[in-house]
Amino acid sequence: MKSKMLRPLILNLVTWSLVLLISFPLLWMIVTSLKPQTELFRIPPTWVPETVTFEHYWRLLTETPFLTFFRNSVVLATSTTIFVVGLGTLGAYSLVRFRFRGRETLAMLVLFTYLLPSVVLIIPLYLMMVNLGISNTLFSLILAHTTFALPYALWLLRSFMEGIPDDLENAALVDGASRLGAFKDVIFPQLLPGIISTALFTFILSWNEYLYALVLVNSESVAPLTTGVMTMLISAFNIEWSLLMAASVMMSVPLIVVFAFLQSYLTSGFGAGGVKG
Amino acid sequence: MANVSFTNVRKSFGDFTALESLDLEIHDGEFVALLGPSGCGKSTTLRMLAGLEFPTSGDISIGGRVVNDLAPGKRDIAMVFQSYALYPHMTVGENIAYPLKKRGLKKPERDEAVRRAAELLQLEPLLNRKPKQLSGGQQQRVALGRALVREPRVFLLDEPLSNLDAKLRSYMRAELIELHRRLGKTMVYVTHDQLEAMTMADRIVVMHGGRVQQFDTPDAVYNRPANRFVAGFIGTPPMNQIEGTVQGATFVVNSHRQPIKREAFAASLVDGPAVMGVRPEFVGIHDSGDGLPATVRLAENTGHETIVTLELPDGARIMSRVEAGRKLSVGQPVILRFDPAGIHLFEATENGARLNLDIPVAATLSQSA
Ligand SMILES: Nc1ncnc2c1ncn2[C@@H]1O[C@H](COP(=O)(O)OP(=O)(O)O)[C@@H](O)[C@H]1O
Ligand SMILES: [Mg+2]
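Residues numbered from 1 in each chain as written. Chains lettered and ligands numbered in written order. Predicted model: local features only at pLDDT ≥ 70, side-chain atom pairs only at ≥ 80, totals over all residues. Heavy atoms only, no water.

Peer 1: When you look at the sheet that holds strand S11 (residues 240-247) of chain B in this model, what are you seeing that I'm missing?
Peer 2: Neighbouring strands of a sheet are bound in pairs by backbone hydrogen bonds; such pairs are parallel or else antiparallel. Residues and elements named next belong to chain B. Strand order in the open sheet made by the 5 strands is S13-S12-S11-S14-S20, with antiparallel pairing throughout. Bordering the open sheet on either side are strand S13 (256-259) and strand S20 (343-347), each of which pairs with just one other strand. The average angle at which neighbouring strand axes cross in this sheet is 40 degrees, direction not considered. Here 5 bridges tie strand S14 (residues 272-278) to S20, and the two strands are oriented antiparallel to one another. Its bridge partner being in S20, alanine 274 is matched across the sheet by glutamate 347. (Pairing = 2+ DSSP bridges. Helix = DSSP H or I, 4+ residues; strand = E, 2+ residues; numbered from the N terminus. Axes fitted to C-alpha atoms, helices over the stretch in contact; angles between N-to-C directions.)

Peer 1: Looking at this structure, I do not really get empty space enclosed by the protein. What am I missing?
Peer 2: The gaps left among the atoms become clear once a water-sized probe is rolled over them. All names here are of chain B. Tallied over the full model, the rule gives 2 cavities of 30 Å³ or more. Estimated volume of the largest cavity: approximately 40 Å³. Lining the largest cavity are Val80, Leu144, Ala147, Leu148, Phe155, Leu157, Leu176, Leu179 and Met187. Among the secondary structure elements, those contributing two or more residues to the lining of the largest cavity are helix H4 (136-148), strand S7 (154-158) and helix H5 (166-183). Top contributing element to the lining of the largest cavity by residue count: H4, with 3 residues. Here the second largest cavity is characterised by a volume of approximately 30 Å³. Lining the second largest cavity are Phe6, Leu24, Ile26, Leu34, Thr45, Leu46, Leu49 and Val188. Listed by contribution, the elements that provide at least two residues to the lining of the second largest cavity are strand S2 (16-26) and helix H1 (42-50). In terms of residue count, H1 provides more of the lining of the second largest cavity than any other element does, 3 residues in total. Along the lines of polarity and charge, the residues of the lining of the second largest cavity split into 7 nonpolar, 1 polar and no charged. (1 Å grid on protein atoms, 1.4 Å probe; cavity = no way out; pocket = protein on both sides within 12 Å on 5 of 7 lines; lining within 4 Å. Points joined across faces, edges and corners; volume = space filled by probe spheres on them. Nonpolar A, V, L, I, M, F, W, Y, C, P; charged D, E, K, R; others polar.)

Peer 1: What's the story with the UniProt feature "domain: ABC transporter" (unreviewed entry) in chain B in this structure? I'm lost.
Peer 2: Using the residue numbers shown here, the UniProt feature "domain: ABC transporter" (unreviewed entry) corresponds to residues 4-234 of chain B. The distance from the first to the last C-alpha atom of residues 4-234 of chain B is 25 Å, and the span holds 36% helix and 26% strand. (UniProt positions renumbered as here; feature names shortened; annotations may be inferred.)

Peer 1: Just checking my understanding: could you explain the pairing of S2(B) for this structure?
Peer 2: Remark: a regular strand shows side chains that alternate across the two faces of the sheet. All names here are of chain B. Bridge count between strand S1 (residues 4-13) and S2: 7 bridges; the pairing is antiparallel. Within S2, the residue paired with phenylalanine 13 across the bridge is phenylalanine 16. From the end of S1 to the start of S2, which pair antiparallel, there are 2 residues, and glycine 14 there has a positive phi angle of about 60 degrees.

Peer 1: Could you clarify how one ought to interpret the interface of chain B and chain A in this entry?
Peer 2: By a widely used convention, the size of an interface equals the accessible area lost when the partners come together. Contact with chain B, which involves 22 residues of that partner, is made by 15 residues of chain A. Across the chain B/chain A interface, buried area totals approximately 1,500 Å², and carbon plus sulfur atoms make up 58% of it. Per-residue buried area on chain B facing chain A is highest for Tyr87(B), His89(B) and Lys102(B); these three make up 29% of the total on that side. Taken together, the links from chain B to chain A amount to 3 salt bridges. (Contact = heavy atoms within 4.5 Å. Buried area = accessible area lost by both parts, 1.4 Å probe. Salt bridge = Lys/Arg side-chain N within 4 Å of Asp/Glu carboxyl O.)

Peer 1: I keep staring at the nonpolar core and nothing clicks. Help me out?
Peer 2: Nonpolar side chains in soluble globular proteins tend to end up buried together. All names here are of chain B. Ranked by internal contacts, the top residues of the largest apolar core, which has 63 residues, are Phe6, Leu49, Met79, Tyr87, Val154, Leu156 and Val188. Dropping the residues within four chain positions of it, phenylalanine 6 is found in contact with Leu22, Asp23, Leu24, Thr45, Met48, Leu49, Asp59 and Ile60. Within the second largest apolar cluster, 45 residues are counted, among which are Ala118, Leu157, Val206 and Val221. (Core = buried A, V, L, I, M, F, W, Y, C linked by side-chain atoms within 4.5 Å. Buried < 20%, exposed > 50% of the residue type's maximum accessible area, 1.4 Å probe, protein only.)

Peer 1: Can you walk me through unusual backbone geometry in this structure?
Peer 2: For residues other than glycine, phi is negative in most cases, and the peptide bonds are mostly trans. Here the residue pair Ile43(A) and Pro44(A) is connected by a cis peptide bond, since its omega of -5 degrees sits within 30 degrees of zero. When you line up the elements, Pro44(A) lands in the loop between helix H2 (37-40) and helix H3 (55-63). Geometrically, the link from Thr236(B) to Pro237(B) is a cis peptide bond, its omega value of -5 degrees lying close to zero. Its location among the elements puts Pro237(B) in the loop between helix H8 (228-233) and S11. Unusually for a residue other than glycine, Asn136(A) sits at a positive phi of about 60 degrees. Its place among the elements puts Asn136(A) in the loop between helix H6 (118-132) and helix H7 (138-162). Of note, Tyr84(B) is a non-glycine position whose phi angle comes to about 70 degrees, a positive value. Among the secondary structure elements, Tyr84(B) is positioned in the loop between strand S6 (77-80) and helix H2 (92-102).

Peer 1: Can you help me understand the sheet that holds strand S5 (residues 65-66) of chain B in this one?
Peer 2: All names here are of chain B. In space, the 4 strands of this open sheet follow the order S2-S1-S4-S5, with antiparallel pairing throughout. The open sheet terminates on both sides in strands that have one partner only, identified here as S2 and S5. Looking at chain direction, S1 and strand S4 (residues 57-62) are connected through 5 bridges and run antiparallel. Bridging across to S4, serine 5 finds its partner in serine 61. Most of the contacts of H1 go to S1, to which it runs at about 115 degrees, and overall it touches S1, S2 and S4.

Peer 1: What is the right way to look at the domain arrangement of chain A in this model?
Peer 2: All names here are of chain A. Split by domain assignment, chain A resolves into domain 1 (2-53) and domain 2 (63-269). The interface of domain 1 with domain 2 comprises 7 residues on the first partner and 7 residues on the second. Roughly 590 Å² is buried in total at the junction of domain 1 and domain 2, and carbon and sulfur atoms are behind 75% of that figure. Among the residues of domain 1 in contact with domain 2, Met29, Thr32 and Ser33 are the three that bury the most area, contributing 62% of the side total. One can count 0 salt bridges joining domain 1 with domain 2. Along the contact surface separating domain 1 from domain 2 lie 1 residue pair in polar contact (both at pLDDT 80 or more). (Domains from an automatic or database assignment. Polar contact = N/O pair within 3.5 Å; in protein donor to acceptor, adjacent residues only side chain to side chain.)

Peer 1: Would you explain the packing of H4(B) against H5(B) in this entry?
Peer 2: When two helices pack together, their arrangement is given by the angle between the helix axes and the distance between those axes. All names here are of chain B. Running from amino to carboxyl end, H4 crosses H5 at an angle of 15 degrees, the nearest separation of the two axes being 12 Å. On the basis of the axis angle, H4 is roughly parallel to H5. Remark: the crossing between H4 and H5 carries right-handed chirality. The segment H4 lies against H5, with Gly137, Gln140, Arg141, Leu144 and Leu148 engaging Leu168, Met172, Leu176, Leu179 and Leu183. For the contact of H4 with H5, a count of residues per class yields 7 nonpolar, 2 polar and 1 charged. (Parallel < 35°, antiparallel > 145°, perpendicular 65-115°, else oblique. Left-handed = near helix turned anticlockwise from the far one by under 90°.)

The structure is reproduced here in structure tokens:
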């Protein structure tokens, strides 16, 4: 009788301490971004700001290239997502629907490239960009992000595609549709949840990516948020904590919004990835 | 005219030959069933006719025109899939209208055609539902509706009833027969269920191991099976096959001498090993007298008949069909006598050909198409 009461209590306690532990940095980030400079390093720290101020946000938006970084990040993540989902959908379709020699080997090979650590690829990729004459451009970064996001997207979309029965497409073909028509009318609507979750994964990956951006791009006008904000606010002598926290909050907002609306697709993506190996 | 012909069609998947040298001539308006055990190549045959698979060699034609290189949508066929393959994101109405839309019909014409099809299949109250909200039987009717809305020249059906329960299946059998009578279109129907093939088809293609074993009327397939496979596949229970030896005017099995009329069999029947085929209804069970001694192993009374399993001294099993309520106990020794009218002889090889010379009178039954 006693243990029956105790069990849920302990479970709840554990769960909530975990939630608190994980969310503490986020909460502290928000709190810090709202404190005036004078309150920042006070000991003991104030858990709730005595005076709430938006001056750091204002400074960030008016006095720094934050908005340029933000725009770059949006362009970067959006373009990468479009490339990856477009190529991934076509690739997954042919991997699933067409029988050709070496089909399975090809799929495994693609997965293998996903397993390679990105640092291994980064220098060759940089040299290629230089040779192509597109180094230090946003486009080079889009290409780079596409190369590392595509393998996983392909596998994710492949497992979604495998869930769509062949006969659905066959029925459309018999009913008079062309292959492209059958794809548009029948496959695409069935694949849409898969496409959305793949797009989300890709967008988040590209939005948060740091290493490639650091190596491939070094001018302020084309830097995305991750590297732009860091190099701007962190120097060897000083870290602008208030601004950094304000920037971090604003960087997280798009992801939080996206997540709030499309959460169910994201979790279904996690499921689909595990269906087949 | 929508006759369908397969001329010397072969189909391999890599090294595996699914169909070897298929020759079929299906008449306009005929209801033909492709019947055989799972994996014998029925679906492959149908899918080649639909244009979803391509023959490795040979020609397929519809209405006298070779369609080998024609896309499925250009063959003027409609197909009902075993899984129904209804488009999950479209309503019932949109599903049925889809083939018309793909052929460029205007909305008012589409609506009218959908309405007619829905009326025929009693789908009117369901037109705005999604396939997921329908029962199996209703989904089946939607799949039929989508097939017949366009009035194609040939209907292809791949095990359309296999996902329904027994009661609904027998109801839909009657519906399909009625539909075929009303539309008068050529139908090619794949099934592994001999009851469906026997009751619905004008003619049956019995397939096995990638080959056509026999292509004939249900009556002929039952009464004059071309070989041992057909004899052993058609009928529940199927034809008994008893190994023995032909000696002059007798077939000898376990020292029992069954008289045979040599003139009723092909000249290729020579003295030596052969297989005698007898349907269970021609196996009489007696208490004494002349005949083949056997032991009763099982007597199953179905209410209108009794199916008896018997064992010969050498361990071979024989099935007999006798009247309901016949008293037989397990282990009881009996004497079997075969009705001479029901005796078939086959070559002793694994799928030996039947050697009976059939009396022409029976042919009047076979040409109903
Ligand atoms: N796409 C394919 N690739 C390889 N083998 C296949 C393919 N389709 C069918 N087969 C093989 O061909 C044979 C006939 O298949 P099918 O026509 O589907 O048989 P069924 O008579 O049960 O409908 C089976 O042995 C099957 O495994
Ligand atoms: Mg099949």
